[in-house]
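Commentary on secondary and tertiary structure
Each chain is listed here by its residues.
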Amino acid sequence: MREYKVVVLGSGGVGKSALTVQFVTGSFIEKYDPTIEDFYRKEIEVDSSPSVLEILDTAGTEQFASMRDLYIKNGQGFILVYSLVNQQSFQDIKPMRDQIVRVKRYERVPMVLVGNKVDLEGEREVAAGEDKLIHTTRSSA
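Everything numeric in this text was worked out from a predicted model, so none of it was measured. (Residues numbered from 1 in each chain as written. Predicted model: local features only at pLDDT ≥ 70, side-chain atom pairs only at ≥ 80, totals over all residues. Heavy atoms only, no water.)

Comments concerning the confidence of the model for the chain
- Here the chain averages 85 in pLDDT, while 84% of its residues score no lower than 70.
- Across the chain, the secondary-structure element scoring lowest on mean pLDDT is helix α2 (residues 68-74), at 88, and the one scoring highest is strand β4 (residues 77-83), at 96.
- In this model, residues 136-141 is a region of pLDDT below 50 whose contacts with residues beyond four sequence positions or in other chains number 9 contacts. (pLDDT = per-residue confidence, 0-100. Helix = DSSP H or I, 4+ residues; strand = E, 2+ residues; numbered from the N terminus. Contact = heavy atoms within 4.5 Å.)

As structure tokens, this is what we get:
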């Protein structure tokens, strides 16, 4: 059975765990409990073949940022999560993307950018369409 290793990255409090748990179990967790590192497995189908998705939900706090190189080295794909109600969390994405490219030594690493907390539209700090700017950014590595 084929295995895919996905790493979920983003600043603290953006909802990485909530998204991951909802995808894996179908249930939404409301309380915030800072993650150090959680690992999930989910059976999926890719190209009509049974596969296993291994998801590493990482810490968003700066105190665990030194572990990021190891996560990136072992990951095959990345989900970069920011909060629409936190401009700084969006700004934090570019250095994470650049770190992935640097560690992987390849510009075209599979990545998905996720703007979370869309239900809090009235508190939005990241303008609609602003996230498109991240796609045009190129690393100098």
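Brief notes about unusual backbone geometry
- The backbone phi angle of S48 is positive, close to 65°, even though this residue is not glycine.
- On the basis of relative accessibility, which here comes to 64%, the residue S48 falls in the exposed class. (Buried < 20%, exposed > 50% of the residue type's maximum accessible area, 1.4 Å probe, protein only.)

Focus: the sheet that holds strand β5 (residues 111-116)
- Taken in spatial order, the 5 strands make up an open sheet running β2-β3-β1-β4-β5, and their pairing is mixed. The open sheet terminates on both sides in strands that have one partner only, identified here as β2 (37-46) and β5. Averaged over all neighbouring strand pairs, the angle between strand axes comes to 25°, with direction disregarded.
- Both β4 and β5 contribute to a ladder of 6 bridges, which runs parallel. Residue pairing in the sheet places L80 in a bridge with L113 of β5.
- Helix α4 (residues 93-104) contacts β1 (2-10), β4 and β5 of the sheet and is inclined by roughly 165° relative to β4. (Pairing = 2+ DSSP bridges. Axes fitted to C-alpha atoms, helices over the stretch in contact; angles between N-to-C directions.)

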